[in-house]
Amino acid sequence: MEKMDEKRVVLEEVYDQIESEKLSVTIIRNVVIAALFVLMLSIPKIYVATNIYYTSVKINKLLNEYYSLQAENSLLKSKIEKLKFKNRMASSSF
C-alpha cells in the first residue's frame, strides 16, 4: 500500500510539473502574441510621426528659402528703381 502511495505522489508531482510547463508555454505564447499586436499597432504611428517630422523639416527649409528670396527680390527691385532713376536723370540732363 505504501508503494502505491509513493507512486501516486510521484505521478502527481510529474503531473504538476507537466501542467506548470504547459502554463509557462501558454504564458510565453500569449506574451509574444501581445507584443506582436502592440508592435503592429505602433509601427504605423511611428511611420506617420516620422513622415510628419521630415515633411515639416522640408517645409521649414522651403519657407526659409522663400523668405530669403523675397528679401532678395525687394533688394533687386530697389536697385532697379535706383538705376531707372539714374538713367532718367542722365537722359534728361542731355
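If you're wondering where the values come from, they're calculated on a predicted model, not measured in any experiment.

A short note on the overall build of the protein
1) Next: Helix and strand content of the protein: 1 helix and 0 strands.
2) Next: Each principal axis of the C-alpha distribution contributes one length, and for the protein these read about 140 × 15 × 5 Å.
3) Next: Out of the 94 residues belonging to the protein, those deemed buried represent 0%.
4) Next: For the protein, the exposed area adds up to about 9,300 Å²; of that, 68% sits on carbon and sulfur atoms.
5) Next: Measuring between centres, the 14 positive side-chain charges of the protein sit 34 Å from its 11 negative side-chain charges.

Here we look at a nonpolar patch on the surface
1) Next: Residues Ile28, Val32, Leu36, Leu39 and Ile43 make up a contiguous nonpolar surface patch of about 460 Å² in total accessible area.
2) Next: Among the secondary structure elements, leucine 36 is positioned in helix H1 (residues 2-93).

Remarks on the packing of aromatic side chains
1) Next: Within the structure shown, the criterion is met by 2 aromatic pairs.
2) Next: Relative to tyrosine 54, the ring of tyrosine 53 lies with its centre 5.3 Å away and its plane at 65°, an arrangement referred to as edge-to-face.
3) Next: Taking the centre distance of 5.7 Å and the plane angle of 55° together, the rings of tyrosine 66 and tyrosine 67 count as tilted.
4) Next: Accessibility expressed as a relative area gives 43% for tyrosine 66, which makes it partly exposed.

Conventions adopted
- Residues numbered from 1 in each chain as written.
- Predicted model: local features only at pLDDT ≥ 70, side-chain atom pairs only at ≥ 80, totals over all residues.
- Heavy atoms only, no water.
- Helix = DSSP H or I, 4+ residues; strand = E, 2+ residues; numbered from the N terminus.
- Buried < 20%, exposed > 50% of the residue type's maximum accessible area, 1.4 Å probe, protein only.
- Areas by Shrake-Rupley, 256 points an atom, 1.4 Å probe, with all protein chains shown as cover.
- Lys, Arg positive; Asp, Glu negative; His and termini not counted.
- Charge placed at Lys NZ, Arg CZ, Asp CG, Glu CD.
- Patch = residues over 30% accessible without salt bridge, like charges linked within 9 Å, V, L, I, M, F, W, Y side chains within 5 Å.
- Salt bridge = Lys/Arg side-chain N within 4 Å of Asp/Glu carboxyl O.
- Phe/Tyr/Trp six-rings, centres within 6.5 Å; stacked < 30°, edge-to-face > 60°.

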